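# Coordinate inspection notes
Single-letter residue listing:
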Number of protein chains: 2
Amino acid sequence: MNTHRYCVIMCGGVGSRFWPFSRNNCPKQFLDFFGTGKSLLQLTVERISPIVRPENIILVTNKQYAGIIREQLPQIKESNILLEPARRNTAPCVCWAALHIHALDPEASIVTLPSDHLVLKENEFHKAIDEGLSFVESGDRLLTLGIRPTSPNTGYGYIQQGVTVEGVEGIRRVKSFTEKPNLEMAKVFLQCGEFFWNSGIFLWTAENILKAFKLYAPEILQLLTASEGVYGTPKETEFIDRQFPNAPNISIDYAIMEKADNVYVKIVDLGWSDLGTWKALYEVSPRNADGNVTQNCKVLASDCKGSMFAVSGDKIVVAAGLKDYIVADNGNALLIYPIADEQKIRHIVNEVKTRFGENYI
Amino acid sequence: MNTHRYCVIMCGGVGSRFWPFSRNNCPKQFLDFFGTGKSLLQLTVERISPIVRPENIILVTNKQYAGIIREQLPQIKESNILLEPARRNTAPCVCWAALHIHALDPEASIVTLPSDHLVLKENEFHKAIDEGLSFVESGDRLLTLGIRPTSPNTGYGYIQQGVTVEGVEGIRRVKSFTEKPNLEMAKVFLQCGEFFWNSGIFLWTAENILKAFKLYAPEILQLLTASEGVYGTPKETEFIDRQFPNAPNISIDYAIMEKADNVYVKIVDLGWSDLGTWKALYEVSPRNADGNVTQNCKVLASDCKGSMFAVSGDKIVVAAGLKDYIVADNGNALLIYPIADEQKIRHIVNEVKTRFGENYI
């Protein structure tokens with residue numbers, strides 16, 4: 001295994017869209033979504049392990065989740081868990097991880113992974129990461145993995161491919177990024193064939209991403225390099241606790257990818273889903289003859305179609321007449337909602353919080 | 001208070017129609033249906049207490065529920081709780097209670113009450129019981145309370161009134177009994193004006209109901225009087241344990257009321273419901289502007305109408321788009337079912353038992 005290759009797994013997200021399953025104190029990445037006995041985060045670590053050695057796997061998360069991460073990933077050593085003192089979206093997180101890794105190994109290349117996505121084709125994934133890292137190791141390039149869209153999904157970011165790269169198959173220049181288009185635009189994107197879903201999987205060398213920060217987000221880099229020689233030393237935590245909260249709240253896409261002129265996309269077929277919504281989860285889950293999905297529970301359904309039952313504990317659900325519904329029961333909350341309206345769930349969670357208190361979210 | 005007046009409360013029923021709220025080990029009568037902090041049984045005892053003294057209140061139940069009854073009714077002394085060793089419907093139960101009471105007081109009159117009904121008009125109830133007992137104390141008469149029907153309910157028994165009784169207002173001879181008619185017949189009954197719902201509240205003297213058993217159900221009386229002088233003595237329990245299981249499984253309506261020629265009905269307006277089904281409970285519960293009923297729980301409902309939410313514990317329900325549904329969540333079971341199909345719930349409970357085990361019912 002190439003000892004210069006590192007993986008950064010971002011696992012600090014809150015994610016209210018799977019409420020009541022995901023909770024403030026246990027967001028989606030820590031849940032066993034498929035009843036395999038492993039959380040999405042554990043599956044992510046397992047997935048990358050054949051190509052990145054454990055000591056090169058870095059987790060970045062919010063301080064709040066330190067306990068649950070140590071519990072779920074006892075094999076990751078303490079110094080590889082970077083605990084953000086505040087939520088500041090992905091750009092500050094990527095910058096810190098790059099500085100940390102660069103201090104350990106100036107020749108490092110890095111694949112950055114979300115912790116809560118589904119990847120069904122592991123071999124394709126390994127091949128894509130391996131080829132992608134080779135590509136970024138051989139020049140000043142920032143690479144993202146693009147997924148061929150199968151529907152006009154308005155929840156994803158879209159990447160428009162540009163010209164081919166000479167001598168490299170399957171990788172193209174990026175022409176444009178579009179965050180969450182409206183449905184009309186998403187349909188155009190789908191038909192056009194030039195647009196791909198942004199998987200949120202990024203590849204670069206530590207040196208080149210820091211170079212990009214210097215060019216496109218210098219305020220973040222300056223903030224996190226205000227003292228010299230702190231990374232990889234006992235001073236790092238204290239320094240980050242002081243500096244990090246002052247970073248702007250901005251995504252890596254906005255801060256760097258949309259601005260840089262050396263951005264590439266590798267088109268991949270990974271059996272990928274960001275599992276961003278109940279609908280996305282429904283779509284990748286095995287269904288019975290009536291199109292119902294049963295998640296870790298016993299269900300007696302009559303005249304139910306296209307519905308998803310996700311219930312925690314050894315519980316039975318008896319339901320009739322539900323068409324295209326989510327039934328999600330967990331702890332002190334029960335959700336019975338049309339799948340088609342699932343984008344409202346985020347707002348509902350806010351309303352629940354306001355009306356009934358933090359205890360329910 | 002008249003010391004010869006007794007009350008028998010029948011509280012041995014199983015009642016699977018309120019599953020998953022009512023459970024095998026905790027049927028409906030032991031549940032706090034209205035969030036008042038008191039079970040239906042406790043409310044029944046409280047309701048009769050102003051007119052029957054505590055030492056004259058006799059509970060008849062199945063052995064299985066001895067514990068929960070002692071817990072809910074610590075004021076009722078042990079010897080007033082008759083524990084049936086087997087389920088044999090209401091006729092054997094009524095006969096035993098009459099023999100027991102007759103041994104204590106040959107002049108006793110008895111009002112027999114179901115333990116799991118709703119009565120909103122307490123004063124009317126007290127008046128009806130008082131007048132009814134006076135009526136049965138003054139002659140060899142069996143009396144039942146009849147409720148003026150408000151809908152063609154097919155779940156009730158119907159009593160057809162006969163001729164008036166000279167000198168007594170509001171009480172008539174009974175012409176016929178009809179158990180659970182079909183809808184067509186129930187509609188005719190409703191229009192006709194001669195038919196009343198059988199409340200299951202019966203009044204008679206101990207002597208006269210025993211006389212009726214001798215005439216119309218002699219096998220039950222013989223069985224329960226096979227030894228002499230056991231009632232009200234330490235031998236009673238052992239005798240009942242031996243004899244009672246041999247009694248036929250038959251209701252008091254079939255065994256006595258439909259056969260006897262001295263049966264009367266007193267028409268009453270008690271704000272009564274037998275709470276026999278979710279729908280019955282829905283109909284007597286306060287509703288919000290959308291016609292939804294919320295039972296002991298927090299609900300955030302959008303576009304829900306005519307639905308009933310009954311959830312145990314300090315839980316929140318978020319629901320959308322439900323029309324005329326029951327949502328009942330209790331322990332290890334969740335029911336989401338159209339109210340209109342509620343008569344299927346009994347069968348479902350059987351299916352749950354068969355497929356998933358006793359633990360769920």
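Please refer to the structure higher up on the page.
Read on for a plain summary of the structure. Bear in mind the structure is a predicted one, so any value in this text is a computation, not a measurement.

Scoring rules and cut-offs
As a convention, each chain's residues are numbered from 1 in the sequence order in which they are written. Chains and ligands are labelled by the order in which they are written, letters from A for the one and numbers from 1 for the other. Confidence filtering applies because this is a predicted model: local features only for residues at pLDDT of at least 70, side-chain atom pairs given and counted only at 80 or more, and all residues used for totals across whole chains, interfaces and linings. In computing side-chain properties, one takes all heavy atoms of the structure into account and sets aside hydrogens as well as water. Per the convention used, a helix needs a DSSP run of H or I reaching at least four residues, while a strand needs a run of E reaching at least two, with both numbered from the N terminus. It is over C-alpha atoms that the radius of gyration is taken, and the globule rule equals 2.2 Å times the number of residues to the power 0.38. Residue contacts are counted whenever heavy atoms from the two residues lie within 4.5 Å of one another. All accessible-area figures derive from a Shrake-Rupley calculation using a 1.4 Å probe, and residue coverage is judged against the displayed protein chains alone. For this count, His and the chain ends are skipped, Lys and Arg are scored as positive, and Asp and Glu as negative. Taken as the charge location is NZ of Lys, CZ of Arg, CG of Asp or CD of Glu. Here a strand pair is declared whenever DSSP counts at least two bridges between the two strands. Between the N-to-C directions of two axes lies an angle of 0 to 180 degrees, each axis being a line fitted to C-alpha atoms and, for a helix, fitted only over the stretch in contact. Between 30 and 60 degrees the pair is tilted, below 30 it is stacked and above 60 it is edge-to-face, where a pair is any two Phe, Tyr or Trp rings, Trp via its six-membered ring, whose centres lie within 6.5 Å. With a 1.4 Å probe rolled over the protein chains alone, any residue whose accessible area is under 20% of its type maximum counts as buried; one over 50% counts as exposed, and the rest are partly exposed. Here, a charge over a ring is recorded when the distance from Lys NZ or Arg CZ to the ring centre is within 6 Å and its angle to the ring normal is within 35 degrees. Note on definitions: buried area is the accessible-area loss of two parts on being combined, 1.4 Å probe, summed for both. Any carboxyl oxygen of Asp or Glu within 4 Å of a side-chain nitrogen of Lys or Arg constitutes a salt bridge here. For this analysis, a nonpolar core means a set of buried residues of the types Ala, Val, Leu, Ile, Met, Phe, Trp, Tyr and Cys, connected via side-chain atoms within 4.5 Å. To superpose the copies, least squares is applied to the C-alpha atoms of every residue with a pLDDT of at least 70 in both. Working definition: roughly parallel below 35 degrees, roughly antiparallel above 145 degrees, roughly perpendicular at 65 to 115 degrees, and oblique for all remaining angles. Rotating anticlockwise by less than a right angle from the far helix to the near helix defines a left-handed crossing, while the corresponding clockwise rotation defines a right-handed one. Each residue gets one label: Ala, Val, Leu, Ile, Met, Phe, Trp, Tyr, Cys and Pro are nonpolar, Asp, Glu, Lys and Arg are charged, and the others, such as Gly, are polar. Seen with its strands pointing away from the viewer, a crossover is right-handed if its path from the first strand over the helix to the second goes clockwise.

Right, let's get into the overall build of chain A. Tallying secondary structure elements over chain A gives eleven helices and 17 strands in all. Rg of the C-alpha trace for chain A: 21 Å, near the compact-globule value of 21 Å for 361 residues, within the 12% margin. Projected onto its principal axes, the C-alpha positions of chain A cover 60 × 45 × 35 Å. A sequence separation of at least 24 residues applies to 66% of the contacts in chain A between residues at least 6 apart. With an accessible surface of roughly 15,100 Å², chain A has 48% of that area assigned to carbon and sulfur atoms. Between the mean site of the 37 positive side-chain charges and the mean site of the 41 negative ones, chain A shows a separation of 3 Å.

Strands pair in a sheet through their backbones, by hydrogen bonds, and they do so in one of two ways: parallel or antiparallel. Ordered in space as β12(A)-β14(A)-β16(A)-β17(A)-β15(B)-β13(B), the six strands form an open sheet in which the pairing is mixed. One side of each edge strand has no neighbouring strand; the edge strands of this open sheet are β12 (293-295) of chain A together with β13 (298-302) of chain B. On average, each strand axis in the sheet is tilted by 5 degrees relative to the strand beside it, whichever way the strands run.

This paragraph deals with the packing of aromatic side chains. Taken as a whole, this structure holds 26 aromatic pairs over all chains when the rule is applied. Geometrically, the ring pair formed by Phe18(B) and Trp278(B) is edge-to-face, given 4.9 Å between the ring centres and 65 degrees between the ring planes. Taken together, the residues Phe18(B) in the loop between β1 (5-10) and α1 (40-48) and Trp278(B) in helix α10 (residues 278-284) connect sequence positions 260 residues apart. Accessibility classification places Phe18(B) together with Trp278(B) in one group, the buried group. By way of ring pairs, the aromatic residues Phe18(A), Phe21(A) and Trp278(A) are connected into one cluster. A cation sits over an aromatic face here: Arg141(B) above Phe135(B), 4.0 Å from the ring centre.

Turning our attention to the interface of chain A and chain B. Counting from both sides, the interface comprises 31 residues of chain A and, opposite them, 31 residues of chain B. Sorting the residues of chain A by area buried against chain B places Ile316(A), Val318(A) and Leu334(A) first, and these three jointly supply 24% of that buried surface. There are two salt bridges connecting chain A and chain B. Among the ionic pairs, Lys315(A) bridges to Asp329(B), the shortest N-O distance being 2.6 Å.

Turning our eyes to something else, we now look at the nonpolar core. Counting residues in hydrophobic clusters, the biggest one holds 78 residues, and the most contacted among them are Ile48(A), Leu59(A), Ile129(A), Leu270(A), Trp278(A) and Val352(A). Tallying contributions element by element places helix α4 (residues 122-137) of chain A first for this core, with six residues. Ile9(B), Ile68(B), Val119(B) and Tyr337(B) belong to the second largest nonpolar core, which has 77 residues in total.

As a further point, take unusual backbone geometry. Residue and element names in this part refer to chain A. With omega at 5 degrees, the peptide bond leading from Trp 19 into Pro 20 counts as cis. The phi dihedral of Leu 275 falls on the positive side, at around 50 degrees, and the residue is not glycine. For Leu 275, a relative accessible area of 0% translates into the label buried. The backbone phi angle of Asp 303 is positive, close to 55 degrees, even though this residue is not glycine. On the secondary structure map, Asp 303 appears in the loop between β13 (298-302) and β14 (308-311).

A few words on the relation of the copies chain A and chain B. Of the two same-sequence chains, chain A is brought onto chain B (RMSD 0.1 Å, axial shift 0.0 Å) by a rotation of 179 degrees. Here the copies are linked by what is in effect a two-fold axis. Same-surface contact between copies: 100% of interface residues of chain A are shared with the interface of chain B.

As a further point, take the packing of helix α3 (residues 90-104) of chain B against helix α6 (residues 206-216) of chain B. Residue and element names in this part refer to chain B. Between α3 and α6, the least distance of the axes is 9 Å, while the angle of their chain directions is 135 degrees. As summarised for this structure, α3 and α6 are arranged oblique, according to the angle between their axes. As α3 packs across α6, the resulting crossing turns out to be left-handed. From α3, Ala 91, Val 94, Cys 95, Ala 98, Leu 99 and His 102 reach across to α6, where they touch Ala 206, Glu 207, Ile 209, Leu 210 and Phe 213. Its residues assigned to classes, the contact of α3 with α6 shows nine nonpolar, one polar and one charged.

Here we take up the pairing of strand β3 (residues 81-84) of chain A. Residues and elements named next belong to chain A. The side-chain alternation of β3 yields two buried faces, one formed by Ile 81 and Leu 83 and the other by Leu 82 and Glu 84. Relative to β3, strand β2 (residues 57-62) runs parallel, the two being bridged by four bridges. Bridge pairing links Val 60 to Leu 82 in β3. Each parallel crossover has a hand, and the one from β2 via helix α2 (residues 66-72) to β3 is right-handed.

On to the sheet that holds β13(A). Spatial ordering of the open sheet is given by β13(A)-β15(A)-β17(B)-β16(B)-β14(B)-β12(B), a layout of six strands whose pairing is mixed. At either end of the open sheet lies a strand with only one pairing partner, and these are β13 of chain A together with β12 (293-295) of chain B. Strand after strand, the sheet turns through a mean of 5 degrees between neighbouring axes, direction not considered. Sheet topology places strand β15 (residues 316-320) of chain A next to strand β17 (residues 333-338) of chain B; four bridges connect them, and they run parallel. Residue pairing across strands places Val317(A) opposite Leu334(B), the latter belonging to β17(B). Running at roughly 145 degrees to β13(A), helix α11 (residues 345-356) of chain B makes contact with β13 and β15 of chain A together with β16 (325-330) and β17 of chain B of the sheet.

As a further point, take the side chain of Ser109(B). All names here are of chain B. Mapped onto the elements of the fold, Ser 109 is located in strand β4 (residues 109-114). Ser 109 gets classed as buried once you look at its relative accessible area, which sits at 0%. Excluding anything up to four places from it in sequence, Ser 109 contacts His 4, Arg 5, Tyr 6, Leu 133, Glu 137, Trp 204, Thr 205 and Ala 206.

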